[in-house]
Each structure stands twice: as C-alpha cells, then as structure tokens.
Amino acid sequence: LFLLFSRKLRLPDEYRLALARIVLRMPLLGSLRLHIELMNFSNTLAVLLASGLPTDQALGIVSEITENRWLHQIYLNTRDQVANGYAMSAALKRQELFPLMFIELLAVGEATGEMELMLQKIADFCQLDIDRMSERLQALMEPVMILVLGVFIGILVLAIAMPILNTITAFS
C-alpha cells in the first residue's frame, strides 16, 4: 500500500531513490518490474540507435523515460561512462543489478556491431520472461485469493448468523 502512494508523497530524493531500489530488489514483483524496465530500455534504445543517435545521447533519452528513479540514475551513470569511452555492457555490469544474459547479449551486440538487433532480441527475451513470471505470479495468487474470499465469506456468515443465534438463545 505504501508503494502505491509513494508517488503522491513528497519524499526527499534520497528516500525516493532508496524506495526505487527496494522495489527492484523485492522477490517476485521486483524481478517482474526489472524485466519490464529492461524490455522498455531495450526497445527504446534499439529504436534510437537505429535512427542514428549516438549511444550516449540515446542513453540520456532512455534515462528520462524510465519510471524507476534508481534505474534513471544508473542509466545516467552509464551514459557518462559511455561518453568517456567505456563499453555499455561493462558499465551496466558494474551495477550488479542486471541479469547476466542481458549483459552478455549487450557485449555481443557491441562486439559484432549489431547493437540494435541484440537489443531487440533482449526485449524479446524479456517479454518471454515477463509472460512466464506473470503466469507464475497468477498461479501463486489464485490460492491466496480463494483463502481471502473464504475468510471474508466466513466473517459475513458469522455476522449474519450470530444475531440470529443470540435471538434464539434469548427466547429459549
């Protein structure tokens, strides 16, 4: 609930940054959120690079469209490192956040000069992972929802039955 309202709160930047980091480190939802962000990153960067933009400028644009403040900072740091001559895959690998396959595919794209193609493949892999994680999350949520509904219906039945039973015992 706090995560939903955190956007509405006027938190200092360091708290927002810490909260964004915590969101991406959460067990199930964090991994799903990270893969969604990586898919958006890969698709957008592929389009920008295919249109002829230099990598550092494209990273600057991508950093502005990400929803997560921590990833925004990571992308800006990566942009600065790429502008100073580092490979994008090496700069992102230092963050120890991104999946190894993501980093390796980026490195292959940089080595072969087919960065746009590799970014599209990364986006496709991320989409497959998102679909798989969503199905798993849905499978986990079904028993929880059945349990919650069962408890709610039980409370509702008790709320209706208790006054009736109290009235019957009062007349007995």
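Above: the structure in question.
Below: a short report on this structure. Please read these numbers as outputs of a predicted model, since none were measured by experiment.

1. Regarding the overall build of the chain
Next up, step 1: Scanning the chain from N- to C-terminus turns up eight helices and zero strands.
Next up, step 2: In the chain, the succession of helices and strands from N to C terminus is α-α-α-α-α-α-α-α.
Next up, step 3: Here the C-alpha radius of gyration of the chain, 24 Å, is well above what a compact globule of 172 residues would show, namely 16 Å.
Next up, step 4: For the chain, the C-alpha atoms occupy an extent of roughly 90 × 35 × 25 Å along the three principal directions.
Next up, step 5: By the burial criterion, 31% of the 172 residues in the chain qualify as buried.
Next up, step 6: Taking the intrachain contacts of the chain between residues at least 6 apart in sequence as the baseline, contacts between residues at least 24 apart amount to 51%.

2. Structural notes on the packing of aromatic side chains
Next up, step 1: Tallied over the entire structure, the rule returns three aromatic pairs.
Next up, step 2: Ring plane angle 20° and centroid distance 4.6 Å describe the contact between phenylalanine 41 and tyrosine 75, whose orientation is recorded as stacked. Pair noted here: phenylalanine 41 is in helix α3 (residues 29–50) and tyrosine 75 is in helix α5 (residues 69–83), with a separation of 34 residues, a long-range link.
Next up, step 3: For tyrosine 75, a relative accessible area of 1% translates into the label buried.
Next up, step 4: Directly above the aromatic system of tyrosine 86 lies the positively charged group of arginine 94, at a separation of 4.5 Å from the ring centroid.

3. Description of the packing of helix α7 (residues 100–112) against helix α8 (residues 115–171)
A pair of packed helices is characterised by two quantities: the angle between their axes and the separation of those axes.
Next up, step 1: Running from N to C, α7 and α8 cross one another at 160°; their axes reach a closest spacing of 8 Å. On the basis of the axis angle, α7 is roughly antiparallel to α8. In this structure, α7 meets α8 at a crossing whose hand is right-handed. Along the contact surface, α7 presents Met101, Phe102, Leu105, Leu106, Val108, Gly109 and Glu110, while α8 presents Met115, Met118, Leu119, Ile122 and Phe125.

4. Comments concerning the pattern of salt bridges
Once their charged atoms are close, side chains differing in charge can pair, the charge on each being opposite to the other.
Next up, step 1: According to the stated counting rule, one finds four salt bridges in the structure shown.
Next up, step 2: Here arginine 33 and glutamate 67 are joined by a salt bridge, their closest N and O atoms 3.2 Å apart. Linking arginine 33 in helix α3 with glutamate 67 in the loop between α4 (55–65) and α5, this pair joins segments that are 34 residues apart in sequence.
Next up, step 3: Across the pair arginine 79 and aspartate 80 runs a salt bridge, and its minimum N-O distance is 3.3 Å.
Next up, step 4: Residue arginine 79 is classed as partly exposed on the basis of its relative accessible area of 28%.
Next up, step 5: The partly exposed category is assigned to aspartate 80, whose relative accessible area is 36%.
Next up, step 6: One salt-bridge network, held together by shared partners, links Arg33, Glu37 and Glu67.

5. Focus on the nonpolar core
Next up, step 1: In terms of nonpolar packing, the biggest core is built from 35 residues, with Phe41, Leu45, Met88, Leu92, Phe98 and Phe102 touching the most fellow members.
Next up, step 2: Of all the secondary-structure elements, those providing two or more residues to this core are α2 (13–25), α3, α4, α5, α6 (88–93), α7 and α8.
Next up, step 3: Tallying contributions element by element places α3 first for this core, with nine residues.
Next up, step 4: The residues contacting leucine 92, other than those within four sequence positions of it, are Phe41, Ile74, Thr78, Phe98, Phe102, Ile103 and Leu106.

Rules used throughout
- Residues numbered from 1 in each chain as written.
- Predicted model: local features only at pLDDT ≥ 70, side-chain atom pairs only at ≥ 80, totals over all residues.
- Heavy atoms only, no water.
- Helix = DSSP H or I, 4+ residues; strand = E, 2+ residues; numbered from the N terminus.
- Rg over C-alpha atoms; globule rule 2.2 N^0.38 Å.
- Buried < 20%, exposed > 50% of the residue type's maximum accessible area, 1.4 Å probe, protein only.
- Contact = heavy atoms within 4.5 Å.
- Phe/Tyr/Trp six-rings, centres within 6.5 Å; stacked < 30°, edge-to-face > 60°.
- Lys NZ or Arg CZ within 6 Å of the ring centre and 35° of its normal.
- Axes fitted to C-alpha atoms, helices over the stretch in contact; angles between N-to-C directions.
- Parallel < 35°, antiparallel > 145°, perpendicular 65-115°, else oblique.
- Left-handed = near helix turned anticlockwise from the far one by under 90°.
- Salt bridge = Lys/Arg side-chain N within 4 Å of Asp/Glu carboxyl O.
- Core = buried A, V, L, I, M, F, W, Y, C linked by side-chain atoms within 4.5 Å.

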